[in-house]
Amino acid sequence: MSFDRSIKIAPSILSADFANLGAEIQAVEAQGADWIHVDPMDGHFVPNLTIGPNVVAAIRPHVKTFMDVHLMISPADPYIGDFAKAGSDMITVHAEAGPHLHRSLQSVRAEGKLAGVAVNMTTPLDGLVDILDDIDMILIMTINPGFGGQKFTHSMVDKVARCRAMIGDRPIHIQVDGGIDPTTAPLVARAGADVLVAGSAVFRGGSVATPDVYGDNIRAIREAAEAAL
């Protein structure tokens with residue numbers, strides 16, 4: 001995947017119809033999604049239990065864009081190989097999920113995948129300074145991870161700006177996850193984010209039978225973000 005800082009909308013399938021994931025993915029991609037965001041959760045690192053490698057493998061044939069897999073699990077290292085083999089394009093591990101973040105990133109890269117690091121709201125960015133050259137993306141959580149539909153935390157806008165200053169001209173994406181909609185997208189885009197994860201704001205009101213709603217939602221988020229640049 002070539003690197004660019006254009007705005008990318010990454011619908012989180014956590015808000016999709018789980019009984020119809022393949023068709024949901026095809027629908028949002030046809031309606032303009034740039035990436036597909038997948039949220040494995042273990043019921044331990046976060047208070048929810050969702051998707052494992054078997055589900056990622058099952059939906060892989062339906063993803064024609066880019067599959068971005070955000071591991072909300074601890075420890076993550078034992079499962080990196082399984083999620084890589086399932087077809088992830090990028091694997092993001094949490095900085096808080098284990099004691100050896102650099103080793104985790106090495107494991108992701110060894111599998112031939114792009115490597116991301118997620119930081120929770122109270123986690124400082126300082127711990128990433130010495131490993132910036134090993135990161136393809138930094139994911140800044142703008143909610144507490146675990147559930148969709150939460151409200152955006154406005155104090156994270158400054159954190160996005162500090163992250164953008166920290167990475168300089170390195171080819172590192174900045175992703176934001178949590179409460180992104182047409183109102184909050186401009187705030188994080190202006191601060192430096194280029195990958196916007198949106199779950200309920202994309203899937204709300206639509207379905208596989210009425211996919212145009214997904215397209216309207218995606219366009220509203222993209223246009224609001226791009227207008228802020």
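To be clear, the structure that these remarks concern was listed above.
For the structure given in this document, a descriptive report is provided here. These numbers come from a predicted model, not from an experiment. (Residues numbered from 1 in each chain as written. Predicted model: local features only at pLDDT ≥ 70, side-chain atom pairs only at ≥ 80, totals over all residues. Heavy atoms only, no water.)

## Concerning the pairing of strand β5 (residues 114–119)
Side-chain positions along a regular strand alternate between the two faces of the sheet.
Here comes step 1: Burial within β5 is extensive, with five of its six residues counted as buried.
Here comes step 2: Following the backbone out of strand β4 (residues 90–94), through helix α4 (residues 101–110) and into the adjacent parallel β5, one traces a crossover that is right-handed.
Here comes step 3: As paired strands, β5 and strand β6 (residues 137–141) are joined by four bridges and run parallel to one another. Its bridge partner lying in β6, Val-117 is registered against Ile-138. (Buried < 20%, exposed > 50% of the residue type's maximum accessible area, 1.4 Å probe, protein only. Helix = DSSP H or I, 4+ residues; strand = E, 2+ residues; numbered from the N terminus. Right-handed = clockwise from strand over helix to strand, strands pointing away. Pairing = 2+ DSSP bridges.)

## Some points on the pattern of salt bridges
Here comes step 1: Counting across every chain of the model gives eight salt bridges.
Here comes step 2: The closest approach of N and O atoms between Asp-89 and Arg-60, which form a salt bridge, is 2.9 Å. Note that Asp-89 is positioned in the loop between α3 (77–85) and β4 and Arg-60 in the loop between α2 (53–59) and β3 (67–71), a separation of 29 residues in sequence.
Here comes step 3: Arg-219 is the partner of Asp-216 in a salt bridge, and the nearest nitrogen-oxygen pair spans 2.8 Å. Here Asp-216 pairs with Arg-219, and both are found in helix α8 (residues 212–227), just three residues apart, close to one helical turn.
Here comes step 4: The class of Asp-216 is partly exposed, set by a relative accessible area of 45%.
Here comes step 5: By relative accessible area, Arg-219 is classed as partly exposed at 38%.
Here comes step 6: Several salt bridges converge on common partners, so that one network encompasses Asp-4, Lys-8 and Asp-194. (Salt bridge = Lys/Arg side-chain N within 4 Å of Asp/Glu carboxyl O.)

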